[in-house]
Amino acid sequence: IPSALTQVIANYSLHIKTLEFVNFNIPKVKLSVPFSITLGVVGGILPLSWIYMKLPTWASGNGPVLSGTPTSFGTFPFTVIVKDSNNNTISQHF
């Protein structure tokens, strides 16, 4: 029985998408009512680092989760910065 040798070569490309915010709608929150919002980012190289700047004292960020219990009325601008393991960075001001 004759034997045949077959060689298959396949070329693949790996595309890593840059960081991008998704589902970043921050709803209005109510005085004295606890809230928890999960923010979304796609792309980049894991793990991601999350930095929250200028949050009011009653709010905190832990990874993609922003939570707290408002203790005063007002508008409280803040910034979210996300960095991947290759130091690619994006930021969003709210």
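Residues numbered from 1 in each chain as written. Predicted model: local features only at pLDDT ≥ 70, side-chain atom pairs only at ≥ 80, totals over all residues. Heavy atoms only, no water.

K.L.:
Looking at this structure, how should I read the nonpolar core?
P.N.:
In a soluble, globular protein the nonpolar side chains are often hidden away together inside. Residues L39, V41, W50, V80 and V82 are the most contacted members of the largest nonpolar core, which totals 16 residues. Breaking this core down by element, the ones donating at least two residues are β2 (35-38), β4 (49-53) and β7 (79-83). Contact partners of V80, with chain neighbours within four places excluded, come to F21, F24, L39, W50, I51, Y52, I90, S91, Q92 and F94. (Core = buried A, V, L, I, M, F, W, Y, C linked by side-chain atoms within 4.5 Å. Buried < 20%, exposed > 50% of the residue type's maximum accessible area, 1.4 Å probe, protein only. Helix = DSSP H or I, 4+ residues; strand = E, 2+ residues; numbered from the N terminus. Contact = heavy atoms within 4.5 Å.)

K.L.:
What is the right way to look at the side chain of D84 in this model?
P.N.:
As for its position among the elements, D84 is in the loop between β7 and β8 (89-93). One buried charged residue, D84, remains without a salt bridge, the closest side chain of opposite sign being K83 at 8.4 Å. Separated by 3.0 Å, the side chain of D84 and the backbone nitrogen of I45 make a polar contact. One polar contact links the side chain of D84 to the main-chain amide nitrogen of N88, over a distance of 2.9 Å. When near neighbours in sequence (up to four residues on either side) are disregarded, D84 contacts L19, G44, I45, P47 and L48. (Lys, Arg positive; Asp, Glu negative; His and termini not counted. Salt bridge = Lys/Arg side-chain N within 4 Å of Asp/Glu carboxyl O. Polar contact = N/O pair within 3.5 Å; in protein donor to acceptor, adjacent residues only side chain to side chain.)

K.L.:
What should I look at first to understand the packing of aromatic side chains in this one?
P.N.:
Ring pairs (aromatic) are described by centroid distance and by the angle formed between their planes. One pass over the full model with this rule turns up three aromatic pairs. Ring geometry for F35 against W58: centres 6.3 Å apart, planes inclined by 80°, an arrangement best described as edge-to-face. Of the two residues, F35 sits in strand β2 while W58 sits in the loop between β4 and β5 (59-62), which places them 23 residues apart along the sequence. Accessibility assignment for this pair places F35 and W58 in one class, buried. Where F78 meets F94, the ring centres are 5.2 Å apart and the plane angle is 25°; that geometry is what we call stacked. (Phe/Tyr/Trp six-rings, centres within 6.5 Å; stacked < 30°, edge-to-face > 60°.)

K.L.:
What exactly am I supposed to notice about the sheet that holds β2 here?
P.N.:
As a general point, the strands of a sheet are linked pairwise by backbone hydrogen bonds and lie either parallel or antiparallel. On the basis of which strands lie adjacent, the open sheet formed by three strands has the order β2-β6-β5 and antiparallel pairing. The sheet is open, and its two borders are formed by β2 and β5, each paired with just one other strand. Adjacent strand axes in the sheet meet at a mean angle of 15° when their direction is disregarded. As paired elements, β5 and strand β6 (residues 65-68) share four bridges and run antiparallel to each other. (Pairing = 2+ DSSP bridges. Axes fitted to C-alpha atoms, helices over the stretch in contact; angles between N-to-C directions.)

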